[in-house]
Amino acid sequence: MKFEYAPAPESRATAEIAPSYGLFVDGGFREAADGRTFKTVSPSTEEVLSEVAHGGEADVDAAVAAARAAFPGWSALPGAERAKYLFRIARLVQERARELAVLETLDNGKPIRETRDTDLPLVAAHFFYYAGWADKLPHAGLGPNPRPLGVAGQIIPWNFPLLMLAWKVAPALATGNTVVLKPAETTPLTALRFAEICRQAGLPAGVVNVVTGDGTTGAALAAHPGLDKVAFTGSTSVGRAIARSLAGTGRRLTLELGGKAANIVFDDAPLDQAVEGIVNGIFFNQGHVCCAGSRLLVQESVADELLGRLKRRLGTLRLGDPLDKNTDIGAINSPEQLARIRQLADTGDAEGATRWTAPCDLPSTGYWFPPTLFTGVTQAHRIAREEIFGPVLSVLTFRTPDEAVAKANNTPYGLSAGVWTEKGSRILWMAQRLRAGVVWSNTFNRFDPTSPFGGYQESGYGREGGRHGLEPYLDV
Amino acid sequence: MPSPAPALAPADVADVTATDSALRRFLHGLPGVDAVGLEGRAATLATRSIKTTAKAFAIDLAISMIDLTTLEGADTPGKVRSLCAKGVSPDPTDRTVPSVAAICVYSDLAGVAAEAVRGTGVQVASVATAFPAGRAARSVKLADTAEAVAAGATEIDMVIDRGAFLAGRYLEVFDEIRAVREACGDAHLKVILENGELATYDNIRRASWLAMLAGAHFIKTSTGKVAVNATPANTLLMLEAVRDFRDATGRQVGVKPAGGIRTAKDALRYLVLVNETAGDDWLAPAWFRFGASSLLNDLLMQRQKLTTGVYSGPDYVTVD
Amino acid sequence: MSDTSAARLSVLKTYKLFIGGAFPRSESGRVYDVTTPDGRWLANAPLASRKDARDAVVAARKAFPKWSGATAYNRGQILYRIAEMLQGRHDQFRIQLAEAQGVDADRAAAAVDAAIDRWVWYAGWTDKISQVAGATNPVAGPYLNLSSPEPTGVVAVVAPVGSPLLGLVSVLAPVIATGNTAVLVADPAAPLPALTLAEVLATSDLPGGVVNVLTGRPAELGPPLAGHQDVNALDLTGASPDLAVDLEAAAAETLKRIHRPRTAEDFTADPGTGRLTAFLETKTVWHPIGV
């Protein structure tokens, strides 16, 4: 018998969207100095959701000035008072979680199941966690007298818009810094809704400023001489450019960049859970995840069996309307990203790998790419070396643990890795040798505010989350 | 869907069950189960939202999959007869409601049930083999089975010897299931693993395979008489086992979660597990059952809500 | 060395680089004059080239797996052994420092003492830094979550100027204490203590390649090291402000970790842990907890 799930859409009315939004500077919303705007669209329908102010250099100047003016007062507050603001924000996020989840899903294209069950709970948890640090900084083990740096410029990507905001803003405020945040061009709406939450929380004007815009806005912010600290999450190429532009300035910099993680499956793995881990590793959030397990390294002796199970499982993934509560795979965030995924996938064909696509119908409007895997991939293929940032898995095989480690580490990146085996000593042996900031053993893509996250090598530097996440915002 | 060629031909099955050590090697060679990952998957599937037409379909399907059960020391012929009436015609005001799959009773009442459901298509399931503990001589268990079948039971729900299993005497458990299957004659055999006493998911996977190799038509989670009965996670695991067993041998085995499934919402979640793990082929009373008693009335109330648009109450379904 | 005796001509020393545990001349064949602050010639030092820098990186990379994989206890023993060997050469370093810096014997001796004590300090840190910088993170779920610091890899160090032994040891010891390997560019004005220290390192059970010492011009050696794709981090303590800007820009291409103190460092002060943690990566490992 066929059990077809009827449409189960989350109500979009939960999240009202205004026809236009301004920049959030010094506690108020305002138009861009030069009056420019840009449109933000829903990736699943191509519908224009709103027009948003396009911040330019003058707006970045104004925001940095507001943050600078707010810094003395904010940093002088007793830690316990700063903590209470952050606790308020955490609670307001929880209160408005459904609205924020719907808004995120509309603007980003990711399934409501993920925004509801992953993004929003983590956002609230992150503020709640760092709130508690605000009055305990001397106990963080970073030195007896940790001091805030000043004004932080923070530039975040489109893949987890509100969660990346939380990862940036929560530790910065807890440590007494003020911030100018630049959300991604394609996903500005939840950051602006967060600005409203800051007002509801009574946060002093200028402590958080949000300047929306495109890459030029981000570049103007990153290079602004009025900053003490720059934090960036995004592509390695942009991260490199920021590092170059800050050379010799003495401004502090943390970077959370790309990855090409190996997800390594041994023949004694718990296979059904490994299949789930592989699916979660690369198809979670349409593969728009810097720590995605985009290279599956499977032991040759179990490769056929694992791939059979994996393909069968991919056949059950539900792609479509991101607002439908039963959707597993949403839309690709933008036409540019879709073009990049297509282009890199095409190199997989051209270089001789074998493409397999999950059986599913793609909607006729919006930006979509079906869950795809390539077999017969070698380390030399572009799809094994370059970050695709989409739902495309490259499958490679190995014979011995040493070979698995060598292949896993054979990349300039080093953000994350996965290991699947029921043998405890092997897990520890692997975890010790993998050059990656996060190693998930017998699980994948788990996140928690207490758990430091960040990469080795060209995946960037600095850690976000946990006690370690305080250090980039403190002078110790 | 890719289905690998059968990896276990009948001759292979004979090999792996030839000796205790061969059987142990086989069962311990099955892939391990990561508890957190398994429970996580079950929890994710529990978030599926089943609405409108899908809900109506699933409610009727769930009703048709119920083994409507009474397993009390106080059971009487009268109680069993009224349960049979309820199972055959769950909602006297609405003839479009399907009958349940079976009535499940103790073996001494199998004859009463068989009489009451004659000609309706509803099966009579009898627990046997010294249910629920299973602590009796094998001759007693086989006699229990044979008498239930003779009295008209068309399905037998046996319990495995958990003591022997936990002591590692797998072949003894295997032989006993075989013997009971033989005693069943034409009746279908459901093998109760009693997951709560097996304690680990690895054990549940091994016991599932052991029962299937021994000829079970169904594998069943639990007796309903211990602290932990059917859970979404252990049922998901058993669904993976029957799926893999069919891939390996070509033979399809059913799954029956029992104990603790009381609401329509629970039942629909189990059907989602079936749908997204074993697949369409198991979405029929021949391959999936719910061992339950109060579940039926909640399904009926939800069904009335869908039909009428207003919430139903316990006085609008029959109590038996 | 002063040579006033008419009875016997002393033996002059040929100073060489220290790469991969061996003492090669510069592949360039170049040397430069090393003098006292008042201009008296002391020795010729090798004027290392980009190719020497490249060889040093190869040696450092080759040494990394074994050194980073050694137990922290073992690394601590070896660092302590370095202190022991340095103590045994106390007089040699005292004389060399006095000549190099034009200071009196007492000040030179104090610097040697402090350098020895610095090795002892870091010898004790090798098996403690993980406990101080690591963590068990209480994640909201059934997982064990451990963060532990790991060495970043090959670190290129531009040694501080004006503190040719204590400053040198203060920047070098924390790099290798945690399991990194180092390519060190010595203070160009006072390179001899660095080359003599190499002799200490070579006789202290330190595996070849863990420390590699180059002498020459930081402006010549810095760029190939900063641009090198197999160097993971830079310590720019001794780089001039202009050079530091160039090296930071070059390092951006491969996103190297950079340590550059914003204010002049007092090497006689408590070193803290800042120099240890500057060249550590935090690795966080998750594992489910279940039966």
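Just so it is clear, the structure is predicted and the values come from calculations on it, not from any experiment.

Novice: Give a detailed account of the overall build of chain A, specifying residues and quantitative values.
Specialist: For chain A, the helix and strand inventory stands at 14 helices and 20 strands. Counting only C-alpha atoms and orienting by the principal axes, one finds that chain A spans roughly 65 × 50 × 35 Å. Evaluated residue by residue, chain A yields a buried proportion of 66% over its 476 residues. Taken as a whole, chain A presents about 15,200 Å² of accessible surface, with 51% of it coming from carbon and sulfur. Averaging the positions of the 48 positive and the 51 negative side-chain charges in chain A gives two centres separated by 4 Å.

Novice: Now, about the overall build of chain B: what can you tell me, with residues and values included?
Specialist: The helix and strand inventory of chain B stands at 14 helices and eight strands. Its C-alpha radius of gyration of 19 Å places chain B within 12% of the 20 Å reference for a compact globule of 320 residues. In terms of overall dimensions, chain B has C-alpha extents of about 60 × 40 × 35 Å along its principal axes. Looking at chain B residue by residue over its 320 residues, the buried ones come to 56%. The contacts of chain B with a sequence gap of at least 6 include a subset with a gap of at least 24, amounting to 76%. Surface exposure of chain B reaches about 12,000 Å², of which carbon and sulfur atoms provide 54%. Separation between the mean location of the 33 positive side-chain charges and that of the 36 negative ones in chain B comes to 3 Å.

Novice: Tell me about the sheet that holds strand β14 (residues 354-357) of chain A, and please be specific about residues and values.
Specialist: In space, the 10 strands of this open sheet follow the order β14(A)-β15(A)-β16(A)-β13(A)-β12(A)-β17(A)-β18(A)-β10(C)-β4(C)-β3(C), with mixed pairing throughout. Strands with a single pairing partner mark the edges of an open sheet, and in this sheet they are β14 of chain A together with β3 (135-136) of chain C. As paired strands, strand β4 (residues 143-151) of chain C and strand β10 (residues 280-288) of chain C are joined by nine bridges and run antiparallel to one another. Paired with C:Leu146 across the bridge in β10(C) is C:Val285. Packing of helix α13 (residues 401-409) of chain A onto the sheet brings it into contact with β12 (262-265), β13 (295-299) and β16 (392-398) of chain A, and relative to β13(A) it is tilted by some 170°.

Novice: Could you give an account of the UniProt feature "domain: Aldehyde dehydrogenase" (unreviewed entry) in chain A, with specific residues and numbers?
Specialist: Here, the residues flagged by UniProt with the feature "domain: Aldehyde dehydrogenase" (unreviewed entry) are residues 31-475 of chain A. The straight-line gap between the two end C-alpha atoms of residues 31-475 of chain A is 35 Å; of that span, 40% is helix and 16% is strand.

Novice: Lay out the UniProt feature "active site" (unreviewed entry) in chain A with the relevant residues and their values.
Specialist: All names here are of chain A. Under the UniProt annotation, "active site" (unreviewed entry) lies at Glu 256. In this fold, Glu 256 is placed in strand β11 (residues 252-256). Judged by relative accessible area, which is 3%, Glu 256 ranks as buried. Not counting residues up to four positions away in its chain, the partners in contact with Glu 256 are Phe 232, Thr 233, Gly 234, Cys 290, Leu 415, Phe 453, Ser 459 and Glu 464.

Novice: An account of the sheet that holds strand β8 (residues 233-235) of chain C is requested, with residue identities and associated values reported.
Specialist: All names here are of chain C. Spatially, five strands are ordered β7-β6-β5-β8-β9 in an open sheet, and the strand pairing comes out parallel. What marks the edges here is a single partner per strand, and that holds for β7 (211-214) and β9 (257-259). Adjacent strand axes in the sheet meet at a mean angle of 15°, parallel and antiparallel pairs treated alike. Of the strand pairs in this sheet, strand β5 (residues 154-158) and strand β6 (residues 181-185) are connected by five bridges, and their pairing is parallel. Within β6, the position partnered with Ala 156 by the bridge is Val 183.

Novice: Help me get a handle on the packing of aromatic side chains, residues and values and all.
Specialist: Tallied over the entire structure, the rule returns 25 aromatic pairs over all chains. Seen from their ring centres, A:Tyr129 and A:Tyr130 are 4.9 Å apart, and the 85° between their planes marks the pair as edge-to-face. The exposure class of A:Tyr130 is buried, given its relative accessible area of 0%. Of the aromatic side chains, those joined through ring pairs into one cluster are A:Trp167, A:Trp440, A:Phe444, A:Phe447 and A:Phe453. Stacked on the ring of A:Tyr473, the Lys or Arg A:Lys229 has its end atom at 5.0 Å from the ring centre. Just above the ring of B:Tyr311 sits the side chain of B:Lys305; from NZ or CZ to the centre is 5.0 Å.

Novice: Residues and numbers for the nonpolar core, please.
Specialist: One finds A:Phe127, A:Val208, A:Val265 and A:Leu310 to be the most contacted residues of the largest nonpolar core, which totals 112 residues. Among the elements that make up this core, the one with the highest residue count is helix α5 (residues 161-174) of chain A (11 residues). Of all hydrophobic cores here, the second largest spans 104 residues; its members include B:Leu23, B:Phe165, B:Val191 and B:Ala216.

Novice: Help me get a handle on the interface of chain A and chain C, residues and values and all.
Specialist: Opposite the 42 residues of chain A that make contact, chain C presents 36 residues. Both sides together, the interface formed by chain A and chain C hides about 2,900 Å², and carbon and sulfur atoms give 49% of it. Linking chain A to chain C there are three salt bridges. Close ionic contact of C:Arg262 with A:Asp475 constitutes a salt bridge, the shortest N to O distance being 3.9 Å.

Novice: Lay out helix α7 (residues 215-222) of chain A with the relevant residues and their values.
Specialist: Turning to α7(A), its buried residues are A:Thr217, A:Gly218, A:Ala220, A:Leu221 and A:Ala222. Here the buried face of α7(A) lies against α1 (57-76), β7 (151-155), β8 (178-182), β10 (229-233) and α8 (236-245) of chain A.

Novice: Help me get a handle on the domain arrangement of chain A, residues and values and all.
Specialist: How large an interface is tends to be reported as the accessible area lost when its parts come together. Residues and elements named next belong to chain A. When cut into domains, chain A gives domain 1 (12-257 + 456-475) and domain 2 (262-441). Here the C-alpha centre of domain 2 lies 30 Å away from the C-alpha centre of domain 1. Each side of the interface is counted separately: domain 1 has 32 residues, and domain 2 has 32 residues. Together, Ser 44, Trp 158 and Tyr 456 form the three largest contributors to the area buried by domain 1 at its contact with domain 2, with a combined 21%. Our count for the contact surface shared by domain 1 and domain 2 stands at one salt bridge. Asp 328 serves as the salt-bridge partner of Arg 113, at 3.0 Å between the closest nitrogen and oxygen. One can count 15 residue pairs in polar contact (both at pLDDT 80 or more) joining domain 1 with domain 2. Listed by contribution, the elements that provide at least two residues to the side of domain 1 that touches domain 2 are α3 (97-108) and α4 (112-133). Of the residues contributing to the side of domain 1 that touches domain 2, the split by class is 10 nonpolar, 12 polar and 10 charged.

Novice: Please set out the interface of chain B and chain C residue by residue, giving values where relevant.
Specialist: Facing five residues of chain B, the contacting portion of chain C comprises six residues. Summing the contributions of chain B and of chain C, the shared interface buries around 400 Å²; its carbon and sulfur component is 70%. Considering only the side of chain B, the residues that lose the most area to chain C are B:Asp34, B:Ala35 and B:Val36, jointly responsible for 73% of the buried surface there. Summed over the shared surface of chain B and chain C, the result is zero salt bridges. One can count zero residue pairs in polar contact (both at pLDDT 80 or more) joining chain B with chain C. Across the side of chain B that touches chain C, the residue classes break down as four nonpolar, no polar and one charged.

Conventions used here
Note on numbering: residues in each chain are counted from 1, in written sequence order. Working convention: letters from A go to chains and numbers from 1 go to ligands, in the order in which they are written. Two thresholds apply to this predicted model, a pLDDT of at least 70 for residue-level local features and 80 or more for giving and counting side-chain atom pairs, whereas whole-chain, interface and lining totals are computed over all residues. Only hydrogens and water are removed before side-chain values are computed, so all heavy atoms of the structure are retained for them. In this text, helices come from DSSP runs of H or I with a minimum length of four residues, and strands from runs of E with a minimum of two, each type numbered from the N-terminal end. Relative accessibility under 20% of the residue-type maximum defines a buried residue, over 50% an exposed one, and the middle range a partly exposed one, all with a 1.4 Å probe and only protein chains included. Per-residue accessibility takes into account occlusion by the displayed protein chains alone, with areas from the Shrake-Rupley method and a 1.4 Å probe. Charge assignment: positive for Lys and Arg, negative for Asp and Glu; neither His nor the chain ends contribute. We put the charge of a Lys on NZ, of an Arg on CZ, of an Asp on CG and of a Glu on CD. Put simply, the radius of gyration uses C-alpha atoms, and a globule should come to 2.2 Å times the residue count raised to 0.38. Throughout, a residue-residue contact means that at least one pair of heavy atoms, one from each residue, lies within 4.5 Å. In this analysis, strands are considered paired if DSSP registers two or more bridges between them. To get an axis, fit a line to the C-alpha atoms, keeping to the stretch in contact for a helix; angles then go from 0 to 180 degrees between the N-to-C directions. UniProt positions are given in the numbering used here, feature names are shortened, and annotations may be inferred rather than shown by experiment. To pair, rings of Phe, Tyr and Trp, with the six-membered ring standing in for Trp, must have centres within 6.5 Å; the planes then decide the type, stacked if under 30 degrees apart, edge-to-face if over 60, and tilted in the middle. Whether a charge sits over a ring comes down to the Lys NZ or Arg CZ being within 6 Å of the ring centre and within 35 degrees of the ring normal. Here, nonpolar core refers to any group of buried Ala, Val, Leu, Ile, Met, Phe, Trp, Tyr and Cys residues whose side-chain atoms link them within 4.5 Å. In this description, buried area is defined as the sum, over both parts, of the accessible area (probe of 1.4 Å) that is lost when the two are combined. A side-chain nitrogen of Lys or Arg and a carboxyl oxygen of Asp or Glu constitute a salt bridge if their distance falls within 4 Å. Domain limits in this description derive from either an automatic procedure or a database domain assignment. The definition of a polar contact used here is a pair of N or O atoms within 3.5 Å, where within protein one atom must be able to donate a hydrogen and the other to accept one, and adjacent residues in sequence count solely through side-chain atom pairs. Nonpolar residues are Ala, Val, Leu, Ile, Met, Phe, Trp, Tyr, Cys and Pro. Charged residues are Asp, Glu, Lys and Arg, and all others, Gly as well, are polar.

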